Amino acid sequence: SSGNIIIGNGDTNASPANGFLRVTNASGTNTSGSSITISAGAGTGTGAGGDIILRTASAGSSGSSLNTLTERLRIDSSGNVGIGTASPATKHEVKGSTRIGSGNDYQWDSTLKINGQSTGASGYIRFYTDTTERLRIAAAGQIGIGGANYGTSGQVLTSGGASAAPSWASVV
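Computed from a prediction, not measured in an experiment: that's the story for all the values here. (Residues numbered from 1 in each chain as written. Predicted model: local features only at pLDDT ≥ 70, side-chain atom pairs only at ≥ 80, totals over all residues. Heavy atoms only, no water.)

**A word on the overall build of the chain**
- Of regular secondary structure, the chain possesses zero helices and twelve strands.
- In the chain, once contacts between residues fewer than 6 apart in sequence are set aside, the share between residues at least 24 apart is 4%.
- A total accessible area of about 13100 Å² is found for the chain, and carbon and sulfur atoms account for 51% of it. (Helix = DSSP H or I, 4+ residues; strand = E, 2+ residues; numbered from the N terminus. Contact = heavy atoms within 4.5 Å. Areas by Shrake-Rupley, 256 points an atom, 1.4 Å probe, with all protein chains shown as cover.)

**Regarding the pattern of salt bridges**
- Taken as a whole, this structure holds three salt bridges when the rule is applied.
- Salt-bridge contacts for Arg74 lead to Glu71; the nearest nitrogen and oxygen are separated by 2.7 Å.
- Accessibility expressed as a relative area gives 23% for Glu71, which makes it partly exposed.
- Look at the salt bridges and you will find they share partners, linking Asp51, Glu71 and Arg74 into a network. (Salt bridge = Lys/Arg side-chain N within 4 Å of Asp/Glu carboxyl O. Buried < 20%, exposed > 50% of the residue type's maximum accessible area, 1.4 Å probe, protein only.)

**A word on the sheet that holds strand β9 (residues 132–138)**
- Taking strand neighbours across the sheet as the criterion, the three strands line up as β8-β9-β10 in an open arrangement whose pairing is antiparallel. The open sheet terminates on both sides in strands that have one partner only, identified here as β8 (124–129) and β10 (143–145). Averaged over all pairs of adjacent strands, the angle between strand axes in this sheet comes to 15°, irrespective of strand direction.
- Across three bridges, β9 lies against β10 in antiparallel orientation. Residue Ile137 lies in a different strand from β10, and its bridge partner there is Ile143. (Pairing = 2+ DSSP bridges. Axes fitted to C-alpha atoms, helices over the stretch in contact; angles between N-to-C directions.)

**Points about the sheet that holds strand β2 (residues 70–75)**
- With mixed pairing, the four strands of this open sheet are ordered in space as β1-β2-β3-β4. The strands lining the two open edges of the sheet, one partner per strand, are β1 (52–56) and β4 (92–94). Averaged over all pairs of adjacent strands, the angle between strand axes in this sheet comes to 20°, irrespective of strand direction.
- As paired strands, β1 and β2 are joined by five bridges and run antiparallel to one another. Note on β2: the bridge partner recorded for Thr56 is Thr70.

**Details of unusual backbone geometry**
- Phi at Asn30 is positive, roughly 55°, even though this residue is not glycine.
- Relative to the assigned elements, Asn30 resides in the segment before β1.
- Exposure remark for Asn30: the relative accessible area of 78% places this residue in the exposed category.

**Notes on the environment of Phe127**
- Take Phe127: it is sitting in strand β8.
- Judged by relative accessible area, which is 34%, Phe127 ranks as partly exposed.
- C-alpha separation for the pair Phe127 and Ile145, spaced 18 residues apart in sequence, amounts to 9.7 Å.

**Re the environment of Pro88**
- Summarising the element assignment, Pro88 is placed in the loop between β3 (81–83) and β4.
- Spatially, the C-alpha atoms of Pro88 and Arg74 are 7.9 Å apart, while their sequence positions differ by 14 residues.
- Setting aside its immediate chain neighbours within four residues, Pro88 contacts Arg74, Asp76, Asn80, Val81, Gly82 and Glu93.

Printed below as a string of structure tokens:
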């Protein structure tokens, strides 16, 4: 026995059945459902534990050959999660484009793209530290420091010193 578990109707089949892995559902009143734990094998001594790997196969060309399974997600033995990488170096590493939110709210590919607060002429992007707004970019491209303190065309941002707020000054 190789230790493999096949869910469905065999290793290969001309009409494969969908399968699922589920623990017991609750019944009765106010009863919690069961948890499921997926564990990789534990190592011994200085040997690390195994990784948890999820793989899928994209559609291939016409024919009867099995399409190649490709690793899509990995949780390594140190707890790092990788999507699109087999060797994540941080707690969450993604290779390829990433989108957070609906539409294009936040998107990373070769550049960072942030969609503004709303669409149209009133849209803006705000940057915060803790709960304080530090920088705003308006829909027309104006930059505000500390909120809607926008400069106008032909102005530059100047420093008033270590304790003074920056201000906009006209270029002479």
